[in-house]
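Report on the structure
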Amino acid sequence: FRTFDDIITRYNLEKIKTVGDAYIAVGGLSEINDSTPSTVIAAAIEMQEFVKSEYNKKVKLGQDGFQMRMGVHFGPVVAGVVGNKKFAFDIWGDTVNVAARLQENGMPEKINISAVLYEKIKSDYTCTPRGKIQIKNHGELEMYFVENPVNSQKISS
């Protein structure tokens, strides 16, 4: 997770928390944050590349490796400090829930995004449509896998 922390810092994103093996981060949380949907995807790609590299090293050594599914969505969230004794900054709302469902319905080594996010990044990234997939508490959701930057140009931080 330290490498993830370094990546999101470079892309001006905010780490919210880790829960088990889940890492929750957000872009554009405040008006002064200049991250865009495309920079969020650039950070996600860099995270996937890091995990793939570590996985390949483990496999070469005959060890079990770790693969990662990612879910990314775009929309409003509620953010605030929660708790009476041990305070924690957190985000919640439908956008967070949909991102979690995207991750659950993804595949290892893939970044699974919603149609809402696809519309925001389609000029910067090539994506493969997955069609509509049933998700918990939401009905069908159109999903896409992010494949690579358009014209092989990375979106810089």
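This structure is a prediction, so every number in the text was calculated from the model and none was measured. (Residues numbered from 1 in each chain as written. Predicted model: local features only at pLDDT ≥ 70, side-chain atom pairs only at ≥ 80, totals over all residues. Heavy atoms only, no water.)

What follows is about helix α1 (residues 2-10). Residues of α1 that are buried include every one of Phe 4, Ile 7 and Ile 8, and no others. Buried residues of α1, seen end-on, are gathered within an arc of 95° and therefore sit on one face of the element. Exposed residues pointing more than 90 degrees away from the buried face of α1 are listed as Arg 2 and Thr 9. Considering only its buried residues, α1 is in contact with β1 (14-19), β2 (22-26) and α2 (37-60). (Buried < 20%, exposed > 50% of the residue type's maximum accessible area, 1.4 Å probe, protein only. Helix = DSSP H or I, 4+ residues; strand = E, 2+ residues; numbered from the N terminus. Arc of directions from axis to C-beta. Contact = heavy atoms within 4.5 Å.)

Note that strand β4 (residues 78-82) and strand β5 (residues 88-92) share five bridges and pair antiparallel. In the sheet register, Val 82 faces β5, and the bridge partner there is Ala 88. A loop of five residues connects β4 with β5, the two strands running antiparallel in sequence, and Gly 83 in this loop sits at a positive phi of about 110°. (Pairing = 2+ DSSP bridges.)

Treat this as a map of the structure, not an account of what it does.
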